[in-house]
Amino acid sequence: MSLLTTSVGSFPKPPYLAKARTQHSKGDIPDEALRALEERATKEWIDFQESIGIDVLVDGEQYRGDMATYFAENLEGCEVSGLVRSYGNRYYKKPVVTSELGRPGPITVDWWRWAQGQTARPLKGMLTGPYTMMDWSFNEYYPSREDLALAFAKVIHQEARDLEAAGARVIQIDEPALSARTDELDLVVKSLGAVTRGLRAQTITHTCYGNYDSVFPYFNKLPVDQIDLEMSNSGLDLLDRFRRDPLKKEIAFGVIDVHNHVVETEELVRERIERALEFFAPDKLYIDPDCGLKTRTVEEAREKLRVMVAATRAVKEGRDLR
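The present account deals with the structure reproduced in this document.

Calculation criteria
- Residues numbered from 1 in each chain as written.
- Predicted model: local features only at pLDDT ≥ 70, side-chain atom pairs only at ≥ 80, totals over all residues.
- Heavy atoms only, no water.
- Helix = DSSP H or I, 4+ residues; strand = E, 2+ residues; numbered from the N terminus.
- Rg over C-alpha atoms; globule rule 2.2 N^0.38 Å.
- Buried < 20%, exposed > 50% of the residue type's maximum accessible area, 1.4 Å probe, protein only.
- Areas by Shrake-Rupley, 256 points an atom, 1.4 Å probe, with all protein chains shown as cover.
- Lys, Arg positive; Asp, Glu negative; His and termini not counted.
- Charge placed at Lys NZ, Arg CZ, Asp CG, Glu CD.
- Pairing = 2+ DSSP bridges.
- Right-handed = clockwise from strand over helix to strand, strands pointing away.
- Core = buried A, V, L, I, M, F, W, Y, C linked by side-chain atoms within 4.5 Å.
- Contact = heavy atoms within 4.5 Å.
- Axes fitted to C-alpha atoms, helices over the stretch in contact; angles between N-to-C directions.
- Parallel < 35°, antiparallel > 145°, perpendicular 65-115°, else oblique.
- Left-handed = near helix turned anticlockwise from the far one by under 90°.
- Nonpolar A, V, L, I, M, F, W, Y, C, P; charged D, E, K, R; others polar.

From N to C terminus, the chain includes 11 helices and 10 strands. Here the chain has a C-alpha radius of gyration of 19 Å; the compact-globule value for 322 residues is 20 Å, and the two agree. Viewed in the frame of its principal axes, the chain has a C-alpha envelope of about 55 × 45 × 40 Å. Split into buried and exposed, the 322 residues of the chain put 55% on the buried side. For the chain, the accessible surface area stands at approximately 13,900 Å², while carbon and sulfur atoms represent 46% of it. Of the charged side chains in the chain, 43 are positive and 52 negative; the average position of the first set lies 1 Å away from that of the second.

Rendered as structure tokens:
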């Protein structure tokens with residue numbers, strides 16, 4: 001299979017679900033009513049992805065808030081603070097580690113199993129990586145950042161193993177904080193390796209919008225099968241580095257700018273894919289957006305994904321790739 005299409009993880013929540021989540025947070029609707037709407041939105045996104053021909057699906061994370069807070073809320077030893085600014089006008093509730101981390105039970109497995117049951121196509125298991133969980137948390141218990149990262153790695157590894165046991169063939173471990181401190185890249189490798197150790201599923205890590213130039217020497221050291229990179233927002237700048245230092249892994253190549261309301265033209269996306277094919281073999285190249293699409297409207301996200309799939313299909317037909 002060549003030039004498979006996928007997505008990074010999150011999709012926008014439809015207005016009915018966003019409203020219901022607010023009502024639920026105020027105690028105005030019960031858990032089961034919210035769950036029903038989360039399932040409805042998840043099914044709608046799965047059906048949409050199938051309808052346009054995406055190859056490897058995501059559930060859209062309709063039942064999650066922030067990617068770090070969601071896991072913190074389901075771990076022992078974590079509390080959740082008030083809102084902290086992440087970027088622009090985006091805020092999240094920062095985890096606070098107050099005692100030894102523990103995982104009382106699976107966090108994402110039931111949702112993954114339900115969502116995978118809605119489609120015959122592979123659906124990613126989605127986890128937030130240990131380094132990012134550490135970097136985005138207040139540490140009030142562990143003696144060092146490394147100790148905390150490895151503690152997160154232990155519980156996230158347990159979750160990954162349970163996802164694999166449930167049937168997940170693809171497991172993505174997001175590390176958006178990977179480039180936050182270049183002096184800790186060895187810790188990124190160590191903690192991520194503690195998560196992926198022994199897994200037979202295809203493993204992916206996604207990172208975005210960082211100092212890629214400093215991180216670049218570590219790309220081939222990351223203990224995963226595939227690296228998912230934002231490429232379009234930065235103008236495909238990384239391609240010059242890949243010319244000098246080839247990537248020895250699969251790459252998911254972002255061809256859609258998720259921070260722009262404008263829907264790309266099919267011609268522009270085709271040009272980006274053709275550029276990528278100058279550097280990567282078609283069977284090692286996946287096509288996806290730069291990052292999660294949760295910051296876009298539902299219609300913007302759908303149109304961007306439609307263009308992405310149409311452009312990929314056109315490139316495959318033009319090159320007779322199957």
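A few words on the pairing of strand β9 (residues 250-256). Extensive coverage of β9 is indicated by the burial of 7 of its 7 residues. For strand β8 (residues 226-229) and β9, the ladder comprises 4 bridges, and the chain directions are parallel. Across the sheet, the residue bridging to Asp228 is Ala252, located in β9. In terms of handedness, the path from β8 via helix α9 (residues 239-244) over to β9 forms a crossover that is right-handed. Across 5 bridges, β9 lies against strand β10 (residues 285-289) in parallel orientation. What sits directly across from Ile256, in β10, is Pro289. One crossover worth recording links β9 to the parallel β10 by way of helix α10 (residues 266-277), and it is right-handed.

In terms of nonpolar packing, the biggest core is built from 90 residues, with Phe152, Phe219, Phe242, Phe253 and Phe280 touching the most fellow members. In contact with Phe253, not counting residues within four places along its chain, are Leu229, Met231, Leu236, Leu239, Arg272, Ala276, Phe280, Leu285, Tyr286, Ile287 and Asp288. Core analysis: the next-biggest nonpolar cluster, separate from the first, contains 5 residues, Leu17, Ile29, Leu34 and Ala41 among them.

Attention now moves to the sheet that holds strand β4 (residues 125-128). Taken together, 7 strands build an open sheet; the order of strands is β1-β10-β9-β8-β7-β6-β4 and the sheet is parallel. Of all the strands in the sheet, just β1 (4-5) and β4 have a single pairing partner and so form its edges. Pairing between β1 and β10: 2 bridges, direction parallel. Paired with Leu4 across the two strands is Tyr286, which belongs to β10. Of the strands in this sheet, β4 and β6 (170-174) are in contact with helix α6 (residues 145-166), which crosses β4 at around 180 degrees. Against the sheet, helix α11 (residues 298-319) makes contact with β1, β9 and β10, and its axis sits at roughly 155 degrees relative to β10, the strand it touches most.

Topologically, Ala252 is positioned in strand β9. Between the C-alpha atom of Ala252 and that of Leu285, which follows or precedes it by 33 residues, the distance is 6.0 Å. When neighbours within four sequence positions are excluded, Ala252 is seen to be in contact with Gln226, Ile227, Asp228, Leu229, Tyr286 and Asp288.

Our next topic: the packing of helix α4 (residues 109-116) against α6. The description of two helices packed together rests on the angle between their axes and the distance between the axes. Where α4 meets α6, the axes come as close as 10 Å, and the angle between the chain directions of the two elements is 30 degrees. When the interaxial angle is binned, α4 and α6 end up roughly parallel. Of the two elements, α4 crosses α6, and the hand of that crossing is right-handed. Side by side, α4 and α6 meet where Val109, Trp112 and Arg113 of the first sit next to Glu159, Asp162, Leu163 and Ala166 of the second. Of the residues that constitute the contact of α4 with α6, the class distribution is 4 nonpolar, no polar and 3 charged.

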